[in-house]
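Given next are the chains, with one letter for each unit.
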Amino acid sequence: MFGNRKTPKDSDLPLVRATVLAPVVAALRARGQDADDVFAHLSFDAATMIAPEQFLSHETVYAAFNAASEAEGADFCTRVGQSVDLKRFLPKGQELAKAYTLGDLFTRFTQIVSKESNAVTQSLVVEDEYAYFAARRHFRSSVSPAQADGFMIGIWISLLHRVIDFRWDPREIVLQLANPNVLPKQFYGVTGIPCDDRGFSIRFPSIWLNHRLSEDMMENNPEYHPSVMELAAPLDFLAGFEDIVRSRLADPAFTAVEAARTVGLHPNTLNARLSERGETTSKVIARMKREKAIELLGVKSCSVTDTAQQLGFSDPTAFSRAFRRWTGQSPQAFKRSYTEPEE
(Lines give C-alpha, C1' and ligand atoms only; values in the text may rest on other atoms or scores of the structure.)
Protein backbone atom coordinates (compact mmCIF):
# COMPACT_ATOMS: atom_id res chain seq x y z
CA MET A 1 0.00 0.00 0.00
CA PHE A 2 1.53 3.27 -1.07
CA GLY A 3 0.73 6.97 -1.36
CA ASN A 4 -0.48 7.77 -4.87
CA ARG A 5 1.63 10.88 -5.50
CA LYS A 6 3.89 10.58 -8.50
CA THR A 7 7.62 10.83 -7.84
CA PRO A 8 8.82 14.36 -8.60
CA LYS A 9 11.37 15.07 -11.28
CA ASP A 10 14.79 16.36 -10.24
CA SER A 11 13.78 19.76 -11.63
CA ASP A 12 10.78 20.10 -9.32
CA LEU A 13 11.04 22.50 -6.40
CA PRO A 14 10.49 20.47 -3.17
CA LEU A 15 7.48 22.02 -1.42
CA VAL A 16 5.27 21.13 1.51
CA ARG A 17 2.13 22.76 2.89
CA ALA A 18 3.11 25.25 5.60
CA THR A 19 0.52 23.99 8.09
CA VAL A 20 2.92 21.17 8.96
CA LEU A 21 4.45 23.83 11.24
CA ALA A 22 1.17 24.81 12.93
CA PRO A 23 1.53 22.43 15.91
CA VAL A 24 5.08 23.66 16.55
CA VAL A 25 3.99 27.31 16.41
CA ALA A 26 1.10 26.60 18.81
CA ALA A 27 3.39 24.71 21.20
CA LEU A 28 5.94 27.53 21.20
CA ARG A 29 3.22 30.04 22.02
CA ALA A 30 1.86 27.78 24.77
CA ARG A 31 5.32 27.89 26.36
CA GLY A 32 5.42 31.68 26.24
CA GLN A 33 7.75 31.88 23.24
CA ASP A 34 7.31 34.54 20.58
CA ALA A 35 7.19 32.38 17.45
CA ASP A 36 8.04 35.38 15.26
CA ASP A 37 11.29 35.80 17.21
CA VAL A 38 12.12 32.09 16.95
CA PHE A 39 11.69 32.17 13.16
CA ALA A 40 12.99 35.71 12.59
CA HIS A 41 16.07 34.54 10.66
CA LEU A 42 13.80 32.79 8.13
CA SER A 43 12.20 36.09 7.02
CA PHE A 44 8.69 34.74 7.65
CA ASP A 45 6.29 35.71 10.38
CA ALA A 46 4.53 32.81 12.07
CA ALA A 47 1.10 33.68 10.65
CA THR A 48 2.44 33.55 7.10
CA MET A 49 4.33 30.35 7.72
CA ILE A 50 1.27 28.39 8.81
CA ALA A 51 -1.32 29.79 6.37
CA PRO A 52 -3.28 26.81 4.95
CA GLU A 53 -2.86 27.99 1.35
CA GLN A 54 0.89 28.52 1.77
CA PHE A 55 3.55 26.13 0.49
CA LEU A 56 7.16 26.42 1.67
CA SER A 57 10.36 24.81 0.53
CA HIS A 58 11.23 21.73 2.56
CA GLU A 59 14.50 23.34 3.61
CA THR A 60 12.64 26.34 5.06
CA VAL A 61 10.39 23.97 7.01
CA TYR A 62 13.37 21.96 8.26
CA ALA A 63 15.08 25.18 9.35
CA ALA A 64 11.92 26.17 11.25
CA PHE A 65 11.78 22.83 13.07
CA ASN A 66 15.47 23.22 13.93
CA ALA A 67 14.93 26.74 15.24
CA ALA A 68 12.10 25.52 17.48
CA SER A 69 14.29 22.75 18.91
CA GLU A 70 17.11 25.22 19.55
CA ALA A 71 14.66 27.35 21.52
CA GLU A 72 13.03 24.55 23.53
CA GLY A 73 15.29 21.49 23.52
CA ALA A 74 16.51 18.65 21.33
CA ASP A 75 13.38 16.50 21.83
CA PHE A 76 10.86 19.36 21.59
CA CYS A 77 9.61 18.62 18.07
CA THR A 78 9.11 14.93 18.79
CA ARG A 79 7.13 15.80 21.92
CA VAL A 80 4.98 18.17 19.89
CA GLY A 81 4.33 15.34 17.45
CA GLN A 82 3.14 13.17 20.34
CA SER A 83 0.34 15.69 21.02
CA VAL A 84 -0.96 16.06 17.46
CA ASP A 85 -4.56 15.23 16.62
CA LEU A 86 -4.35 13.84 13.09
CA LYS A 87 -7.95 14.75 12.28
CA ARG A 88 -7.28 18.41 13.01
CA PHE A 89 -3.71 18.50 11.78
CA LEU A 90 -4.32 17.43 8.18
CA PRO A 91 -6.50 18.96 5.49
CA LYS A 92 -9.19 16.30 4.95
CA GLY A 93 -8.15 14.87 8.31
CA GLN A 94 -11.75 13.99 9.05
CA GLU A 95 -11.37 11.24 6.47
CA LEU A 96 -9.01 9.54 8.91
CA ALA A 97 -11.78 9.38 11.49
CA LYS A 98 -13.65 7.05 9.13
CA ALA A 99 -10.85 4.49 9.22
CA TYR A 100 -12.05 1.15 10.54
CA THR A 101 -8.66 -0.43 11.28
CA LEU A 102 -5.09 0.75 11.76
CA GLY A 103 -4.25 -0.54 8.27
CA ASP A 104 -7.13 1.49 6.83
CA LEU A 105 -5.83 4.55 8.66
CA PHE A 106 -2.33 4.23 7.21
CA THR A 107 -3.79 3.79 3.72
CA ARG A 108 -5.98 6.89 4.05
CA PHE A 109 -3.06 8.87 5.47
CA THR A 110 -0.73 8.12 2.58
CA GLN A 111 -3.46 9.17 0.15
CA ILE A 112 -4.12 12.45 1.98
CA VAL A 113 -0.50 13.52 2.45
CA SER A 114 0.31 12.77 -1.19
CA LYS A 115 -1.07 16.28 -1.87
CA GLU A 116 0.77 17.96 0.98
CA SER A 117 4.28 17.56 -0.41
CA ASN A 118 5.65 16.97 -3.89
CA ALA A 119 9.02 15.65 -2.76
CA VAL A 120 8.44 13.20 0.12
CA THR A 121 6.64 9.87 -0.26
CA GLN A 122 5.02 8.20 2.73
CA SER A 123 4.26 4.51 2.30
CA LEU A 124 3.09 1.37 4.04
CA VAL A 125 4.57 -1.96 2.97
CA VAL A 126 3.55 -5.34 4.40
CA GLU A 127 6.03 -8.21 4.23
CA ASP A 128 4.76 -11.36 5.91
CA GLU A 129 4.78 -10.83 9.70
CA TYR A 130 6.01 -7.24 9.60
CA ALA A 131 4.68 -3.92 8.31
CA TYR A 132 6.90 -0.98 7.42
CA PHE A 133 5.68 2.60 7.51
CA ALA A 134 8.27 4.88 5.96
CA ALA A 135 8.90 8.38 4.63
CA ARG A 136 11.41 8.89 1.84
CA ARG A 137 12.75 12.13 0.36
CA HIS A 138 13.39 12.44 -3.35
CA PHE A 139 16.01 15.15 -2.86
CA ARG A 140 19.02 15.90 -0.70
CA SER A 141 18.61 18.73 1.78
CA SER A 142 21.37 21.10 2.87
CA VAL A 143 19.41 21.60 6.12
CA SER A 144 19.11 18.73 8.59
CA PRO A 145 15.62 17.15 8.46
CA ALA A 146 16.13 15.29 11.74
CA GLN A 147 13.76 17.46 13.80
CA ALA A 148 11.05 17.27 11.15
CA ASP A 149 11.39 13.48 11.12
CA GLY A 150 11.23 13.45 14.92
CA PHE A 151 7.95 15.37 14.75
CA MET A 152 6.39 12.81 12.39
CA ILE A 153 7.77 9.88 14.38
CA GLY A 154 6.24 11.41 17.51
CA ILE A 155 2.85 11.34 15.78
CA TRP A 156 3.06 7.72 14.67
CA ILE A 157 4.69 6.05 17.65
CA SER A 158 2.24 7.74 20.03
CA LEU A 159 -0.68 6.65 17.83
CA LEU A 160 0.55 3.05 17.72
CA HIS A 161 0.94 3.11 21.50
CA ARG A 162 -2.67 4.29 21.98
CA VAL A 163 -4.07 1.72 19.56
CA ILE A 164 -2.12 -1.26 20.92
CA ASP A 165 -2.70 -0.14 24.53
CA PHE A 166 -1.92 -2.85 27.11
CA ARG A 167 -0.56 -5.14 24.36
CA TRP A 168 2.27 -2.67 23.68
CA ASP A 169 5.74 -4.24 23.57
CA PRO A 170 8.51 -1.84 22.46
CA ARG A 171 10.68 -4.80 21.48
CA GLU A 172 8.32 -5.28 18.55
CA ILE A 173 9.29 -1.85 17.15
CA VAL A 174 12.30 -1.19 14.94
CA LEU A 175 12.69 2.54 14.42
CA GLN A 176 15.24 3.97 11.99
CA LEU A 177 15.89 7.70 11.76
CA ALA A 178 18.72 10.09 10.95
CA ASN A 179 19.35 11.27 14.52
CA PRO A 180 18.02 9.27 17.50
CA ASN A 181 18.95 12.19 19.79
CA VAL A 182 15.73 13.98 18.77
CA LEU A 183 13.73 11.36 20.72
CA PRO A 184 12.76 11.86 24.38
CA LYS A 185 14.66 9.66 26.81
CA GLN A 186 11.46 7.86 27.80
CA PHE A 187 9.84 7.26 24.40
CA TYR A 188 7.43 4.40 25.11
CA GLY A 189 10.47 2.16 25.58
CA VAL A 190 11.47 2.58 21.91
CA THR A 191 15.04 3.39 20.90
CA GLY A 192 16.14 4.63 17.51
CA ILE A 193 18.68 3.19 15.07
CA PRO A 194 20.67 5.75 13.04
CA CYS A 195 20.21 5.73 9.26
CA ASP A 196 20.74 8.21 6.43
CA ASP A 197 18.91 11.53 6.30
CA ARG A 198 16.65 10.65 3.38
CA GLY A 199 13.77 9.55 5.62
CA PHE A 200 12.68 7.29 8.46
CA SER A 201 11.13 3.85 8.87
CA ILE A 202 8.97 2.22 11.56
CA ARG A 203 8.71 -1.57 11.56
CA PHE A 204 5.99 -3.25 13.62
CA PRO A 205 4.02 -6.52 13.55
CA SER A 206 1.70 -6.61 10.55
CA ILE A 207 -1.05 -8.13 12.71
CA TRP A 208 -1.36 -4.72 14.36
CA LEU A 209 -2.90 -3.41 11.14
CA ASN A 210 -6.04 -5.41 11.95
CA HIS A 211 -6.69 -3.58 15.22
CA ARG A 212 -9.97 -1.71 15.20
CA LEU A 213 -9.94 2.02 15.79
CA SER A 214 -12.13 4.35 17.76
CA GLU A 215 -12.28 8.03 16.90
CA ASP A 216 -10.77 9.10 20.21
CA MET A 217 -7.57 7.22 19.40
CA MET A 218 -6.65 10.06 17.03
CA GLU A 219 -7.72 12.86 19.35
CA ASN A 220 -5.13 14.94 21.10
CA ASN A 221 -4.53 18.65 21.35
CA PRO A 222 -7.52 20.57 19.84
CA GLU A 223 -5.50 23.69 18.92
CA TYR A 224 -4.38 22.66 15.46
CA HIS A 225 -7.10 22.84 12.87
CA PRO A 226 -6.01 24.07 9.42
CA SER A 227 -8.71 24.76 6.87
CA VAL A 228 -9.58 22.04 4.38
CA MET A 229 -7.74 22.79 1.16
CA GLU A 230 -7.99 21.10 -2.23
CA LEU A 231 -4.79 22.70 -3.52
CA ALA A 232 -1.94 20.25 -4.05
CA ALA A 233 1.74 21.10 -3.81
CA PRO A 234 2.92 22.35 -7.21
CA LEU A 235 4.95 19.81 -9.15
CA ASP A 236 6.15 22.34 -11.72
CA PHE A 237 9.34 24.15 -10.71
CA LEU A 238 8.22 27.56 -11.96
CA ALA A 239 4.81 27.29 -10.28
CA GLY A 240 6.47 26.29 -7.05
CA PHE A 241 8.93 29.19 -7.20
CA GLU A 242 6.10 31.62 -7.96
CA ASP A 243 4.31 30.46 -4.80
CA ILE A 244 7.44 31.17 -2.75
CA VAL A 245 7.82 34.64 -4.28
CA ARG A 246 4.13 35.42 -3.83
CA SER A 247 4.45 34.75 -0.09
CA ARG A 248 7.36 37.20 0.24
CA LEU A 249 6.17 40.17 -1.82
CA ALA A 250 5.91 42.45 1.23
CA ASP A 251 9.48 41.72 2.32
CA PRO A 252 11.81 44.53 1.15
CA ALA A 253 14.81 42.24 1.68
CA PHE A 254 13.50 39.60 -0.73
CA THR A 255 16.03 40.05 -3.51
CA ALA A 256 17.07 37.56 -6.17
CA VAL A 257 19.87 36.37 -3.89
CA GLU A 258 17.48 35.93 -0.95
CA ALA A 259 15.05 34.06 -3.21
CA ALA A 260 17.78 31.58 -4.10
CA ARG A 261 18.69 31.14 -0.43
CA THR A 262 15.05 30.53 0.46
CA VAL A 263 14.70 27.65 -2.00
CA GLY A 264 18.13 26.22 -1.14
CA LEU A 265 19.85 26.90 -4.46
CA HIS A 266 22.83 28.96 -5.58
CA PRO A 267 21.62 32.11 -7.41
CA ASN A 268 23.23 30.92 -10.65
CA THR A 269 21.59 27.50 -10.32
CA LEU A 270 18.18 29.05 -9.73
CA ASN A 271 18.56 31.30 -12.76
CA ALA A 272 19.65 28.33 -14.86
CA ARG A 273 16.55 26.35 -13.80
CA LEU A 274 14.29 29.32 -14.56
CA SER A 275 15.98 30.07 -17.88
CA GLU A 276 14.70 26.71 -19.15
CA ARG A 277 11.25 28.28 -18.82
CA GLY A 278 12.22 31.63 -20.33
CA GLU A 279 12.47 33.34 -16.93
CA THR A 280 15.02 34.74 -14.51
CA THR A 281 14.71 35.25 -10.77
CA SER A 282 14.40 39.00 -11.15
CA LYS A 283 11.79 38.68 -13.89
CA VAL A 284 9.62 36.38 -11.77
CA ILE A 285 9.81 38.69 -8.76
CA ALA A 286 8.95 41.73 -10.91
CA ARG A 287 6.07 39.89 -12.60
CA MET A 288 4.61 38.74 -9.29
CA LYS A 289 4.83 42.29 -7.91
CA ARG A 290 3.25 43.76 -11.03
CA GLU A 291 0.34 41.30 -10.88
CA LYS A 292 -0.18 41.99 -7.18
CA ALA A 293 0.04 45.75 -7.74
CA ILE A 294 -2.66 45.60 -10.41
CA GLU A 295 -4.87 43.57 -8.08
CA LEU A 296 -4.36 45.93 -5.14
CA LEU A 297 -4.79 49.17 -7.07
CA GLY A 298 -7.61 47.96 -9.27
CA VAL A 299 -9.70 45.18 -7.77
CA LYS A 300 -9.12 46.12 -4.12
CA SER A 301 -8.89 49.92 -4.66
CA CYS A 302 -5.92 50.26 -2.31
CA SER A 303 -4.07 53.53 -2.13
CA VAL A 304 -0.70 53.94 -3.79
CA THR A 305 0.95 54.19 -0.36
CA ASP A 306 -0.67 50.98 0.94
CA THR A 307 0.16 49.14 -2.28
CA ALA A 308 3.79 50.23 -2.05
CA GLN A 309 4.00 48.93 1.53
CA GLN A 310 2.39 45.59 0.66
CA LEU A 311 4.93 45.12 -2.10
CA GLY A 312 7.98 45.91 0.01
CA PHE A 313 8.89 49.27 -1.50
CA SER A 314 10.65 51.83 0.68
CA ASP A 315 8.30 54.64 -0.38
CA PRO A 316 5.47 55.40 -2.86
CA THR A 317 7.87 57.18 -5.22
CA ALA A 318 10.02 54.08 -5.67
CA PHE A 319 6.91 52.00 -6.25
CA SER A 320 5.55 54.53 -8.79
CA ARG A 321 8.76 54.36 -10.79
CA ALA A 322 8.62 50.56 -10.82
CA PHE A 323 4.93 50.50 -11.75
CA ARG A 324 5.52 52.89 -14.66
CA ARG A 325 8.35 50.64 -15.83
CA TRP A 326 6.06 47.59 -15.67
CA THR A 327 2.94 49.07 -17.26
CA GLY A 328 3.88 52.29 -19.01
CA GLN A 329 1.63 54.39 -16.77
CA SER A 330 1.62 55.77 -13.25
CA PRO A 331 -0.30 54.05 -10.43
CA GLN A 332 -2.63 57.07 -10.21
CA ALA A 333 -3.41 56.91 -13.93
CA PHE A 334 -4.03 53.18 -13.69
CA LYS A 335 -6.45 53.65 -10.78
CA ARG A 336 -8.37 56.30 -12.72
CA SER A 337 -8.60 54.15 -15.84
CA TYR A 338 -9.74 51.16 -13.76
CA THR A 339 -12.47 52.99 -11.87
CA GLU A 340 -13.78 55.45 -14.47
CA PRO A 341 -16.88 54.12 -16.27
CA GLU A 342 -16.70 53.59 -19.99
CA GLU A 343 -18.62 56.10 -22.08
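Here, every reference points to the structure presented above.
## A closer look at the side chain of Gln 54
No. 1: Relative to the assigned elements, Gln 54 resides in the loop between α3 (46-49) and β2 (55-57).
No. 2: For Gln 54, a relative accessible area of 10% corresponds to the buried category.
No. 3: Only 3.4 Å separates the side chain of Gln 54 from the side chain of Ser 247, close enough to count as a polar contact.
No. 4: Discounting chain neighbours no more than four positions away, the residues touching Gln 54 are Val 16, Arg 17, Ala 18, Thr 48, Asp 243 and Ser 247.

## So, helix α12 (residues 281-299)
No. 1: Here α12 contains 19 residues, and its C-alpha end-to-end distance of 27 Å stays within 8% of the 27 Å for a straight helix at 1.5 Å per residue.
No. 2: Thr 281, Val 284, Ile 285, Arg 287, Met 288, Lys 289, Ala 293, Leu 296, Leu 297 and Gly 298 are the residues of α12 that are buried.

## Remarks on the packing of helix α4 (residues 58-72) against helix α8 (residues 146-164)
No. 1: One can describe the packing of α4 onto α8 by two numbers: an axis separation of 7 Å at closest approach and a directional angle of 80 degrees. For the element pair α4 / α8, the angle class is roughly perpendicular. Mapping the contact onto sequence places Tyr 62, Phe 65, Asn 66 and Ser 69 in α4 and Gln 147, Ala 148 and Phe 151 in α8.
No. 2: Across the contact of α4 with α8, the residue classes tally to four nonpolar, three polar and no charged.

## Some points on the sheet that holds strand β3 (residues 120-127)
No. 1: The sheet built from five strands is open, its strands ordered β3-β4-β7-β5-β6 with mixed pairing. Edge positions in the open sheet fall to β3 and β6 (192-194), since each of these has one partner strand only. Adjacent strand axes in the sheet meet at a mean angle of 15 degrees when their direction is disregarded.
No. 2: The pairing of strand β5 (residues 174-177) with β6 spans three bridges and is classified as parallel. If you follow Leu 177 over to β6, its bridge partner there is Pro 194.
No. 3: Relative to the sheet, α8 contacts β3, β4 (130-137), β5 and β7 (199-205), its axis offset from that of β7 by approximately 10 degrees.

## Things to note about the environment of Ala 134
No. 1: Along the chain, the position of Ala 134 falls in strand β4.
No. 2: With near-sequence residues (within four places) excluded, Ala 134 lies in contact with Thr 121, Gln 122, Ser 123, Phe 200 and Ser 201.

## Structural notes on the pairing of β4
Within a regular strand, side chains alternate between the sheet's two faces.
No. 1: Both β3 and β4 contribute to a ladder of eight bridges, which runs antiparallel. Its bridge partner lying in β4, Val 125 is registered against Tyr 132.

The rules behind these values
- Residues numbered from 1 in each chain as written.
- Predicted model: local features only at pLDDT ≥ 70, side-chain atom pairs only at ≥ 80, totals over all residues.
- Heavy atoms only, no water.
- Helix = DSSP H or I, 4+ residues; strand = E, 2+ residues; numbered from the N terminus.
- Buried < 20%, exposed > 50% of the residue type's maximum accessible area, 1.4 Å probe, protein only.
- Polar contact = N/O pair within 3.5 Å; in protein donor to acceptor, adjacent residues only side chain to side chain.
- Contact = heavy atoms within 4.5 Å.
- Expected span 1.5 Å × (residues − 1).
- Axes fitted to C-alpha atoms, helices over the stretch in contact; angles between N-to-C directions.
- Parallel < 35°, antiparallel > 145°, perpendicular 65-115°, else oblique.
- Nonpolar A, V, L, I, M, F, W, Y, C, P; charged D, E, K, R; others polar.
- Pairing = 2+ DSSP bridges.

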